[in-house]
Amino acid sequence: MNKNYKENLKNRKENNSKPKKLDIKQYVVKENSLLLDYLTNNLGFSRNNAKNLLSHHLVSIDGAPISQFDFSLSKGDALIISKRPIKKKERSNLPIIYEDDEFIVIDKPYGLLSIASDKEKSSTAYRMVMDYVQQKDKHNRIFVVHRIDKETSGILMFAKNEKLRNLLQKDWNTLVKTRGYYAVCEGVFKEKEGRIENYLRQNSLNLMYVTKDKKNSLKCITNYKVLKENKEYSLVDVHIETGRKNQIRVTLGSLGHYVLGDDKYGEPPNPINRLCLDAYELSFIHPISKKIMRFCKVLPKEFSKLVK
């Protein structure tokens, strides 16, 4: 166990005890509706008040600002009303890997949330991509299919219509064929490749840990192969068969090889001031056409330099 693990938990608990106050109200949309109709019929605003909220840029969906009254809401959307204006931003040079009429796939930078959290609403990949698609047509929107951790960089995909999102989410684990990650870990692996089956459980601080007790735990399957190594670090190709929270970080850490920069579960070196984990491949069966969709990206140059 990390020598400072208990201290890290103590600090995290103290930080979590003082949640950041946000000057907003958030509502989970319960049924598909046009935005103005939902504000008036479901939330009880008068039409004038609802229009004022929209004209003053006080309404957003999952942190992405919306001002058009006939915007189509989808069940499950987070409708946010703020006391401060949230205006659209011009988006250019987004790290887009692929885009068509059904999907948009980006190379998410590390340090950026996939979607809004309790503490952060607007600085997200969802917000960036939503701003981008609405530059083309104000009625365009995207739908969350999956997510990757804030600290992890790499492939993140959004659907452009609700039907496709629903079909993908309904059978995601069946439809997904490949989820590949590059990780740079501390130390040299004795076994250069392997398939690890273990069980994960979450503690009171929302941290995952490996347990031998199968009851109330989640089965976790991780495949790894060392691609390159030096005396200090190992570059590892990881493919996961299950998509558990922090699965790769916890599993590799349980072997004594924490991912570089991971001060959440261990205390490995942090030579490039980021978590050295990158989602480089995603493939799945299109739920309608049944074709295999596959998206890939190259190994980050900074990862390669670490194992020269």
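In this text, all values refer to a predicted model and were calculated from it rather than measured experimentally.

Caption draft 1: Highlighting the overall build of the protein chain. Per the secondary structure count, the protein chain includes eight helices and 17 strands. Computed over its C-alpha atoms, the radius of gyration of the protein chain comes to 21 Å, within 12% of the 19 Å expected for a compact globule of 308 residues. In terms of its C-alpha atoms, the protein chain occupies a principal-axis envelope of roughly 65 × 50 × 40 Å. Sequence-distant contacts, at least 24 apart, represent 65% of the contacts inside the protein chain between residues at least 6 apart. Taken together, the 57 basic and 37 acidic charged side chains of the protein chain have centroids lying 3 Å from each other.

Caption draft 2: Examining the nonpolar core more closely. Leu35, Leu79, Tyr126, Phe158, Val184 and Val238 are the most contacted members of the largest nonpolar core, which totals 60 residues. In terms of residue count, the dominant contributor to this core is helix H4 (residues 125-136) (seven residues). In this view, Leu35 contacts Leu54, Val59, Ile66, Gln68, Phe69, Phe71, Leu73 and Leu79; residues no more than four positions away in its chain are not counted. Listed in part, the 16 residues of the second largest apolar core include Val145, Ile155, Trp172 and Leu282.

Caption draft 3: Summary view of the side chain of Asn230. Topologically, Asn230 is positioned in the loop between strand E14 (218-229) and strand E15 (233-240). One polar contact links the side chain of Asn230 to the main-chain amide nitrogen of Glu232, over a distance of 2.9 Å. In this structure the side chain of Asn230 is engaged in a polar contact, spanning 2.7 Å, whose partner is the backbone nitrogen of Tyr233. If we skip the residues at most four places from it in the chain, Asn230 touches Val188, Leu306, Val307 and Lys308.

Caption draft 4: Representation of the confidence of the model for the protein chain. Per-residue confidence for the protein chain averages 91 on the pLDDT scale, and 93% of its residues sit at or above 70. The model gives residues 1-6 a pLDDT under 50, and that stretch makes ten contacts with residues more than four places away or in other chains.

Caption draft 5: Seen up close, the sheet that holds strand E1 (residues 24-28). Ordered by their spatial adjacency, four strands build an open sheet running E1-E6-E3-E4, and the pairing between neighbours is antiparallel. The outermost strands of the open sheet, each flanked by one partner alone, are E1 and strand E4 (64-65). Of the pairings in the sheet, the one linking strand E3 (residues 59-61) to E4 comprises two bridges and is antiparallel in character. Among the inter-strand pairings, Ser60 is bridged to a residue of E4, identified as Pro65. Each of E1, E3 and strand E6 (78-82) is contacted by helix H2 (residues 35-42), which is oriented at about 75° to E6, the strand it contacts most.

Caption draft 6: Just unusual backbone geometry, in detail. Even without being glycine, Asn216 reaches a positive phi, approximately 60°. Within the fold, Asn216 resides in the loop between strand E13 (208-211) and E14.

Caption draft 7: Representation of the pattern of salt bridges in the model. Using the criterion set out here, one finds 18 salt bridges in the structure. Between Arg141 and Asp77 there is a salt bridge whose closest N-O contact spans 2.8 Å. Remark: Asp77 occurs in the loop between strand E5 (72-73) and E6 and Arg141 occurs in the loop between H4 and strand E9 (143-144); sequence separation between them is 64 residues. By relative accessible area, which is 4% here, Asp77 ends up buried. A salt bridge links Glu99 to Lys160, with the shortest nitrogen-to-oxygen separation between them at 2.8 Å. Highlighted residues: Glu99 in strand E7 (residues 96-99) and Lys160 in the loop between strand E10 (153-159) and helix H5 (162-170), separated in sequence by 61 residues. Judged by its relative accessible area of 27%, Glu99 is partly exposed. Through salt bridges that share partners, Asp149, Glu151, Arg249 and Asp262 make up one connected network.

Caption draft 8: Structural context of the packing of aromatic side chains. Summed over the entire model, instances satisfying the criterion amount to seven aromatic pairs. Aromatic side chains Phe284 and Phe295 sit 6.2 Å apart centroid to centroid with 45° between the ring planes, which places their arrangement in the tilted category. With Phe284 in strand E16 (residues 277-285) and Phe295 in strand E17 (residues 292-296), this pair connects stretches of sequence that are eleven residues apart. For Arg141, the ring lying beneath its charged end belongs to Phe143, and the centroid distance is 4.1 Å.

Caption draft 9: Summary view of the environment of Ile115. Looking at the secondary structure, you find Ile115 in the loop between strand E8 (103-108) and H4. Separated by 29 residues in sequence, Ile115 and Val144 have C-alpha atoms that sit 8.0 Å apart. Excluding residues that lie within four positions of it along the chain, Ile115 makes contacts with Thr124, Tyr126, Val144 and Arg147.

Caption draft 10: Structural detail: the environment of Ile196. Take Ile196: it is sitting in strand E12 (residues 193-202). With 60 residues separating them along the chain, Ile196 and Gly256 place their C-alpha atoms 14 Å apart. Discounting residues that sit within four places of it in the chain, Ile196 has contacts with Cys220, Ile221, Thr222, Tyr224, Thr251 and Leu255.

Caption draft 11: Representation of the pairing of E15 within the structure. Taken across its eight residues, E15 has seven buried, putting it largely inside the fold. Sheet analysis places strand E11 (residues 176-186) next to E15, joined by seven bridges and oriented antiparallel. Directly across from Tyr182, in E15, lies its bridge partner Asp237. Pairing analysis gives seven bridges linking E14 to E15, with the strands arranged antiparallel. Bridging across to E15, Tyr224 finds its partner in Val238. Connecting the antiparallel pair E14 and E15 is a turn made up of three residues.

About the criteria used
- Residues numbered from 1 in each chain as written.
- Predicted model: local features only at pLDDT ≥ 70, side-chain atom pairs only at ≥ 80, totals over all residues.
- Heavy atoms only, no water.
- Helix = DSSP H or I, 4+ residues; strand = E, 2+ residues; numbered from the N terminus.
- Rg over C-alpha atoms; globule rule 2.2 N^0.38 Å.
- Contact = heavy atoms within 4.5 Å.
- Lys, Arg positive; Asp, Glu negative; His and termini not counted.
- Charge placed at Lys NZ, Arg CZ, Asp CG, Glu CD.
- Core = buried A, V, L, I, M, F, W, Y, C linked by side-chain atoms within 4.5 Å.
- Buried < 20%, exposed > 50% of the residue type's maximum accessible area, 1.4 Å probe, protein only.
- Polar contact = N/O pair within 3.5 Å; in protein donor to acceptor, adjacent residues only side chain to side chain.
- pLDDT = per-residue confidence, 0-100.
- Pairing = 2+ DSSP bridges.
- Axes fitted to C-alpha atoms, helices over the stretch in contact; angles between N-to-C directions.
- Salt bridge = Lys/Arg side-chain N within 4 Å of Asp/Glu carboxyl O.
- Phe/Tyr/Trp six-rings, centres within 6.5 Å; stacked < 30°, edge-to-face > 60°.
- Lys NZ or Arg CZ within 6 Å of the ring centre and 35° of its normal.

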